[in-house]
Amino acid sequence: MPYETLSSASQYEALLDAHDTWLFDCDGVLWSGDEAIAGAVEAVALLRKRGKQVIFVTNNASKSRQALLGKFRKMGIEAETKDVFSSAYASAVYLKHVLKLPEDRSVYVVGMEGIQEELDAVGVRWCGGTSKEDNVFLPPLDFSSLLSPEAIDPKVGAVLCGFDMHLSYIKLAKAFKHITREGAEGEPKAGEEGGGCYFILTNDDSTFPAKGGPWPGAGSLSSPLVFASKRKPLIVGKPHQPMLDCIEAVQPFDKSRALFVGDRLDTDIAFAQHGGIKTLMVLTGISTKAEIDAEGAEIVPDFLMQSIGDLAQL
Ligand SMILES: O=C(O)[C@H](O)[C@H](O)COP(=O)(O)O
Ligand SMILES: [Mg+2]
């Protein structure tokens, strides 16, 4: 089914009339790194003025929702905690309320403050991440510091991997030991005494859209663990279902009157299509027009715009 390219004010007005809930991806749609996409701030303000429900859905796990609110404020985009869904938040909620990780279990983090702060917010204990002892270089071929229960804590019931600009061998080594620990998955349940260890990714984006990008994304950073362990991780972020379940639990909306605005076909557009939500792709991030025009293109949006900033002319 071919997509509709939108470029006129009347087309934009028709899009506004047809959709009450606008879900926005962030990186590559509203901003690129720390730079707002031209007109994006004005476009979101216009939607709010027209009484639209605006929800933000980012796979970026480097910041907690509180930190993201600071970024929204700095950019001049109105947002409250209940409007913001990140893969770090959705992963913390999933571990706490869906997997119901036992209180005496902790999470080994391959990632940064965003994941740690969201785990803190739901009261799930963590290790690894930005902690000092896991941000050092091991002496060449010397694994002795990893051979103690202090280093590879048997109380770790899950490994959670997300975007990590401080990725290191020691983190991969510890995470690998946790996710390959003996212990039948299921009985006792993974994450419990004697059980295995959950292996979860916040998201599996292959690349990250920021200035000078693309750059390696969270999915590329966790791939060494997938390759080494031969385990299939559970993935929370777009296009996967846990992210949509998390949004609908906090901000119910009518999918028939909703529109998802994204820059990436295999995460944003696929996510919305799986959820029965109409899709608008913009060309300010990762995916290109050539990809959706290619013969046999598997994922094609309903609508295409150059930039969400083009709405600001209304
Ligand atoms: O590598 C990553 O984590 C992703 O590229 C990044 O998080 C994408 O964020 P989004 O476009 O979903 O806001
Ligand atoms: Mg994006």
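Residues numbered from 1 in each chain as written. Chains lettered and ligands numbered in written order. Predicted model: local features only at pLDDT ≥ 70, side-chain atom pairs only at ≥ 80, totals over all residues. Heavy atoms only, no water.

## Considerations on the sheet that holds strand E13 (residues 234-235)
- Taking strand neighbours across the sheet as the criterion, the five strands line up as E8-E7-E9-E10-E13 in an open arrangement whose pairing is parallel. Where the open sheet ends on each side, the last strands, each with one partner, are strand E8 (126-128) and E13.
- Where strand E9 (residues 156-161) and strand E10 (residues 198-201) come together, four bridges link them in parallel fashion. If you follow Val159 over to E10, its bridge partner there is Phe199.
- Against the sheet, helix H5 (residues 113-121) touches strand E7 (106-110), E8 and E9, its axis set at about 165 degrees to E7.
- Sitting on the sheet, helix H6 (residues 169-179) is in contact with E7, E9 and E10, with an inclination near 140 degrees to E7. (Pairing = 2+ DSSP bridges. Helix = DSSP H or I, 4+ residues; strand = E, 2+ residues; numbered from the N terminus. Contact = heavy atoms within 4.5 Å. Axes fitted to C-alpha atoms, helices over the stretch in contact; angles between N-to-C directions.)

## Concerning the layout of surface pockets
- When its volume is computed, the largest pocket comes out at roughly 330 Å³.
- Taken together, 18 residues line the largest pocket, and the ones lying closest to its centre are Asn60, Ser62, Phe163, Met165 and Phe208.
- Listing elements by their share of the lining of the largest pocket, those giving two or more residues are helix H3 (65-75) and strand E12 (215-216).
- Across the lining of the largest pocket, the residue classes break down as nine nonpolar, four polar and five charged.
- Mapping the lining of the largest pocket onto the domain boundaries places at least three of its residues in each of domain 1 (4-59 + 239-313) and domain 2 (88-235). (1 Å grid on protein atoms, 1.4 Å probe; cavity = no way out; pocket = protein on both sides within 12 Å on 5 of 7 lines; lining within 4 Å. Points joined across faces, edges and corners; volume = space filled by probe spheres on them. Nonpolar A, V, L, I, M, F, W, Y, C, P; charged D, E, K, R; others polar. Domains from an automatic or database assignment.)

## A few points about the packing of aromatic side chains
- For the coordinates displayed, the defined rule picks out eight aromatic pairs.
- Considering the side-chain rings of Trp31 and Phe72, the 5.0 Å spacing of their centres and the 55 degrees angle between planes classify their relative orientation as tilted. Of this pair, Trp31 sits in strand E3 (residues 31-32) while Phe72 sits in helix H3, and the two are 41 residues apart along the sequence.
- Judged by its relative accessible area of 0%, Phe72 is buried.
- Every member of this aromatic cluster is reached through a ring pair, and the members are Trp22, Phe24, Trp31, Phe56 and Phe72. (Phe/Tyr/Trp six-rings, centres within 6.5 Å; stacked < 30°, edge-to-face > 60°. Buried < 20%, exposed > 50% of the residue type's maximum accessible area, 1.4 Å probe, protein only.)

## Describing the UniProt feature "binding site: Mg(2+)" (unreviewed entry) in the protein chain
- Those places that UniProt annotates as "binding site: Mg(2+)" (unreviewed entry) correspond, in this numbering, to Asp25, Asp27 and Asp263. The named residues occupy 239 residues along the chain; their greatest pairwise C-alpha distance, 8.0 Å, places them in one compact cluster. Lining the largest cavity, from the residues named above, are Asp25, Asp27 and Asp263.
- Among the structural elements, Asp27 can be located in the loop between strand E2 (21-24) and E3.
- The exposure class of Asp27 is buried, given its relative accessible area of 8%. (UniProt positions renumbered as here; feature names shortened; annotations may be inferred.)

## Looking at a nonpolar patch on the surface
- Where nonpolar side chains cluster on the molecular surface, the patch consists of Leu141, Phe143, Leu147 and Tyr169 and spans about 530 Å² of accessible area.
- Summarising the element assignment, Leu147 is placed in the loop between E8 and E9.
- For Leu147, a relative accessible area of 69% gives the class exposed. (Patch = residues over 30% accessible without salt bridge, like charges linked within 9 Å, V, L, I, M, F, W, Y side chains within 5 Å. Areas by Shrake-Rupley, 256 points an atom, 1.4 Å probe, with all protein chains shown as cover. Salt bridge = Lys/Arg side-chain N within 4 Å of Asp/Glu carboxyl O.)

## Quick word on the site of ligand 1
- In the vicinity of ligand 1, 16 residues are found, and the nearest of them are Asp25, Asp27, Thr58, Asn59 and Ala218.
- Within the backbone of Ala218, one N or O atom sits 2.8 Å away from an oxygen atom of ligand 1.
- Alone, ligand 1 offers 350 Å² of accessible surface; in the complex the protein occludes 98% of this.
- Comparing atom positions with the cavity grids shows ligand 1 to sit within the largest cavity.
- The residue inventory of the shell around ligand 1, partitioned by class, reads five nonpolar, six polar and five charged. (Near = heavy atom within 4 Å. Polar contact = N/O pair within 3.5 Å; in protein donor to acceptor, adjacent residues only side chain to side chain. Sits in = over half its atoms within 2 Å of the grid points.)

## A short note on empty space enclosed by the protein
- Here the structure, examined in full by the defined rule, presents one cavity of 30 Å³ or more.
- Within this model, the largest cavity holds a volume of roughly 170 Å³.
- Every residue lining the largest cavity is counted, 20 residues in all, and those nearest its centre are Asp27, Asn59, Asn60, Asp205 and Pro209.
- Counting only elements with at least two residues in the lining of the largest cavity, the list comes to strand E11 (207-208) and helix H9 (265-274).
- Mapping the lining of the largest cavity onto the domain boundaries places at least three of its residues in each of domain 1 (4-59 + 239-313) and domain 2 (88-235).

## Things to note about the pairing of strand E14 (residues 258-262)
- The buried fraction of E14 is high, at five of five residues.
- Burial along E14 is two-sided: the face carrying Ala258, Phe260 and Gly262 and the face carrying Leu259 and Val261 are both buried.
- Sheet topology note: the E2/E14 ladder contains four bridges and is parallel. Opposite Trp22, over in E14, you have Leu259 as the bridge partner.
- As paired strands, E14 and strand E15 (residues 278-282) are joined by four bridges and run parallel to one another. By the bridge assignment, Leu259 is partnered in E15 with Lys278.
- Handedness of the crossover joining E14 and E15 through H9 is recorded here as right-handed. (Right-handed = clockwise from strand over helix to strand, strands pointing away.)

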